[in-house]
Amino acid sequence: MATITMLNMAGQEAGTIELSDAVFGIEPNKNAVREVVKNHLANKRQGTQSAKTRGEVRGGGRKPFRQKGTGRHRQGSSTDPTQIGGGITFAPKPRDYSYSVPKKVKRLAMKSVLSAKVQDDEIIILDSLTFDAPKTKNMVETLKNIGAAKKALIVTAEKDVNVVRSAANIPGVRTAVAGSISVYDIINHTSFIVTQDAIKQIEGVYEK
């Protein structure tokens, strides 16, 4: 098991914690991570793009100009894609881009990115993270104390309104609860800041 030094909000050492090798100590599988990230981005697509084909645009009832004598190419309809105001060839239509990925692949991808954070020394474990009131200044100070990167994901065991609001206005910083973190969020942030209670929850889910 990997042993990580925990910090307090002042950036001082606050003991150690042992991480499960089954969750934080595997060989990262890049293919699984890629597949899950691609799925995440596809599922977020709205798919609301739409354009009109030549059969849907207005016009086309008469020949736009005579066949001969104009010096122009012959044309039978104003809705032709080559005409100004004509339809679009292979026009995009609303569609659903979402699809599913096997649960085993999702679990492998999550354990892969968690293990990668440990291997790259980008994980910061706090003994606790609490604020008496929502203050951006306090969160900025805490992030500075613990040496967090500009892009940081803060994970707590339960939703803490004061923590969420304190981080809301800081560019590049995002908060999440242990039960809702995604592979995309983890790899999209340099520092993975997590409380020891959240670590226990994550291990409880992915050790099985």
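Placed above this text is the structure.
Model, not experiment: these values are computed from the prediction.

A. A look at the overall build of the chain. Broken down by element type, the chain carries seven helices and six strands. Taken from the N to the C terminus, the helices and strands of the chain come in the order β-β-α-α-α-β-α-β-α-β-α-β-α. When the backbone C-alpha atoms are referred to their principal axes, the chain occupies close to 90 × 40 × 25 Å. When burial is assessed residue by residue, the chain has 38% of its 208 residues classed as buried. The long-range share in the chain, meaning contacts at least 24 apart out of those at least 6 apart in sequence, stands at 68%. Counting every atom, the chain has about 12,700 Å² of accessible surface; 49% of that belongs to carbon and sulfur. Measuring between centres, the 32 positive side-chain charges of the chain sit 22 Å from its 20 negative side-chain charges.

B. Quick look at the nonpolar core. If you look at the biggest cluster of nonpolar residues, it comprises 31 residues, and the most contacted ones within it are Phe24, Ile125, Phe192, Val194 and Ile202. Top element by residues in this core is helix α3 (residues 103-119). It accounts for five residues. With sequence-adjacent residues up to four places away left out, Phe24 is seen in contact with Leu19, Leu114, Ser115, Val118, Ile123, Ile199, Ile202 and Glu203. Among the nonpolar cores identified, the runner-up in size contains 15 residues, and Ile124, Ile146, Ala167 and Ile170 belong to it.

C. Molecular detail of the packing of helix α2 (residues 30-44) against α3. Their axes nearest at 8 Å, the elements α2 and α3 cross at an angle of 110 degrees. For the element pair α2 / α3, the angle class is roughly perpendicular. For the crossing formed where α2 meets α3, the hand is left-handed. Contacts between α2 and α3 pair Ala32, Val33 and Val36 from the former with Val105, Lys106, Leu108, Ala109, Ser112 and Val113 from the latter. Among the residues forming the contact of α2 with α3, the class breakdown is seven nonpolar, one polar and one charged.

D. Layout of the pattern of salt bridges. Following the criterion strictly, the structure yields five salt bridges and no others. The closest approach of N and O atoms between Asp80 and Arg54, which form a salt bridge, is 3.4 Å. In this pair, Asp80 is assigned in the loop between α2 and α3 and Arg54 in the loop between α2 and α3, connecting sequence segments 26 residues apart. Its relative accessible area of 14% is what places Asp80 among the buried residues. With a closest N to O distance of 2.9 Å, Glu122 and Lys117 form a salt bridge.

E. The arrangement of the packing of aromatic side chains in detail. Tallied over the full model, the rule gives zero aromatic pairs. Above the ring of Tyr97, the side-chain terminus of Arg45 is found at 3.6 Å from the ring centroid.

What counts and how
- Residues numbered from 1 in each chain as written.
- Predicted model: local features only at pLDDT ≥ 70, side-chain atom pairs only at ≥ 80, totals over all residues.
- Heavy atoms only, no water.
- Helix = DSSP H or I, 4+ residues; strand = E, 2+ residues; numbered from the N terminus.
- Buried < 20%, exposed > 50% of the residue type's maximum accessible area, 1.4 Å probe, protein only.
- Contact = heavy atoms within 4.5 Å.
- Areas by Shrake-Rupley, 256 points an atom, 1.4 Å probe, with all protein chains shown as cover.
- Lys, Arg positive; Asp, Glu negative; His and termini not counted.
- Charge placed at Lys NZ, Arg CZ, Asp CG, Glu CD.
- Core = buried A, V, L, I, M, F, W, Y, C linked by side-chain atoms within 4.5 Å.
- Axes fitted to C-alpha atoms, helices over the stretch in contact; angles between N-to-C directions.
- Parallel < 35°, antiparallel > 145°, perpendicular 65-115°, else oblique.
- Left-handed = near helix turned anticlockwise from the far one by under 90°.
- Nonpolar A, V, L, I, M, F, W, Y, C, P; charged D, E, K, R; others polar.
- Salt bridge = Lys/Arg side-chain N within 4 Å of Asp/Glu carboxyl O.
- Phe/Tyr/Trp six-rings, centres within 6.5 Å; stacked < 30°, edge-to-face > 60°.
- Lys NZ or Arg CZ within 6 Å of the ring centre and 35° of its normal.

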